[in-house]
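Residue-level structural notes
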Amino acid sequence: MTREGNLEAPTRHPVDWKNPSFYDEGACLHEMERVFDICHGCRRCVSLCQSFPTLFDLVDGSSTGEVDGVAKPDYWKVVDQCYLCDLCYMTKCPYVPPHPWNLDFPHTMLRAKAIKFKKGEVGAGERFLASTDVHGQFAGIPVVVQVANALNRTKPMRKLLDATLHVHPEAWLPDLAASRFRWSAKKQGAATAVTNGERTPGKVAIFATCYVNYNEPGIGHDLLKVLAHNDIPYEIVEKESCCGMPKLELGDLDAVAQHKEANVPVLARYAKEGFAILSAIPSCTLMFKQELPLMFPDDADVKRVQEAMFDPFEYLMARHKDGLLKTDFKQPLGKVSYHIPCHGRVQKIGRKTEEVLKLIGQRVSVQLNTVERCSGHAGTYGVKTPYHPVAMKIGRPVFKAMAMNEPDYISSDCALAGHHIAQGMAQQGAPASKLAHPLSLVRIAYGL
């Protein structure tokens, strides 16, 4: 007898992307119809993103009032609204595996995106936006950085970006860094003594990520200061490429595989040598923890990297449980509104950043307001011309909640979400608050 819903933890099937049938459009549309029919009968996920309201509006406006009345070409409207946050799968859907209905909405959308990409229906602008390690190469070149950052704030340039790359004129865009993180950070820390804990390796390898390297190196430097303060030896990963998440969201799975081939052999060496691998961007961490293992389930090195990969706050909290984290916090943080990003929530690690902030609050003043809901930014989705207004609409409840009690700091593990929230709060007329990454808050609390 079929159960109504799951009472078990969700499990994931590998992504069969190398099978030619994966790209069979007819078979994919048939699976989408099956999935959409289940979603239509449930509707629990209507508040998560725009995919579900789009689907339900199509169904409700069809001649039959059911999924069979929706024209197949309209399915792509649902696909285009999915930014693979994974919240429906990990937090809402009662029909994911091991339920016999075997519903995986995000990876069904991923399959559809991959088909769309293979058909050449993804524009040059979208492909460029997803090439973070390409446009990031201009970072660290002084004249180029100054000119590019200045131009990106002008209305004529924003109109040009709208016309050429379909970047919304009002969407926040990150500056290029004057100096890249990998150029300015010491390749190794001063600490040398390795103290392993029951839960944590005593030495750390830092996967810088495109965003920290090219846009906000201060996040990476604050992580290094926190590690150094705790006498944890660290190394900057010898070389790295993009994690592949932007390409995954685009459906360019061959490019994901290319990035994997560049990163995994390097990271696997660190894993074999007993390093914990830390990435300060949740989407990058999730890529190595979940998506690459599902795309390459038989690759032993991918598995090694998966097991060695930590979210920074997952590592710090585990270090604390090992009795090896210093709690000599000196500087009060005051009122902090902290946002938990989607790609942090679906890592199955709990609310580790919140736990560290509460740990700080045991020594110095911290009034913490935690907001656990999608900000709407979702990587490149929130800057694209068709979707930026939708992203702001999705984020409105977050903007309002983050502004409660007029915080001294607003913060999110996802730096892009943090800036998106700051923009949304400003548009709602909230008093200005300092935007600081949670790693920066820990550094400040230590008095470093």
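As shown above, the structure is provided for reference.
Residues numbered from 1 in each chain as written. Predicted model: local features only at pLDDT ≥ 70, side-chain atom pairs only at ≥ 80, totals over all residues. Heavy atoms only, no water.

It is worth spelling out the nonpolar core at this point. The biggest cluster of nonpolar side chains holds 124 residues, and the ones touching the most others in it are Phe36, Phe105 and Ile360. A per-element tally of this core places helix H14 (residues 253-272) first, with nine residues. With sequence-adjacent residues up to four places away left out, phenylalanine 105 is seen in contact with Val35, Phe36, Cys39, Ser51, Phe52, Val78, Cys82 and Cys88. By size, the runner-up hydrophobic cluster in this structure holds nine residues, among which are Val371, Val398, Ala401 and Ile421. (Core = buried A, V, L, I, M, F, W, Y, C linked by side-chain atoms within 4.5 Å. Buried < 20%, exposed > 50% of the residue type's maximum accessible area, 1.4 Å probe, protein only. Helix = DSSP H or I, 4+ residues; strand = E, 2+ residues; numbered from the N terminus. Contact = heavy atoms within 4.5 Å.)

By the secondary structure assignment, tyrosine 409 is in strand E7 (residues 409-412). Here the alpha-carbon distance between tyrosine 409 and lysine 434, two residues 25 residues apart in the chain, equals 4.7 Å. Setting aside residues up to four positions removed in sequence, tyrosine 409 forms contacts with Leu333, Lys335, Val336, Ser337, Lys434, Ala436, Leu441 and Ile444.

Let us look at the sheet that holds strand E3 (residues 276-279). Paired through their backbone hydrogen bonds, the strands of a sheet run either parallel or antiparallel. One open sheet holds the four strands; their spatial order is E2-E1-E3-E4, and the pairing between them is parallel. Both outer strands of the open sheet, strand E2 (234-236) and strand E4 (309-310), are each paired with one neighbouring strand and no more. Where strand E1 (residues 204-207) lies against E3, four bridges are found, and the strand directions are parallel. Paired with isoleucine 206 across the two strands is leucine 278, which belongs to E3. (Pairing = 2+ DSSP bridges.)

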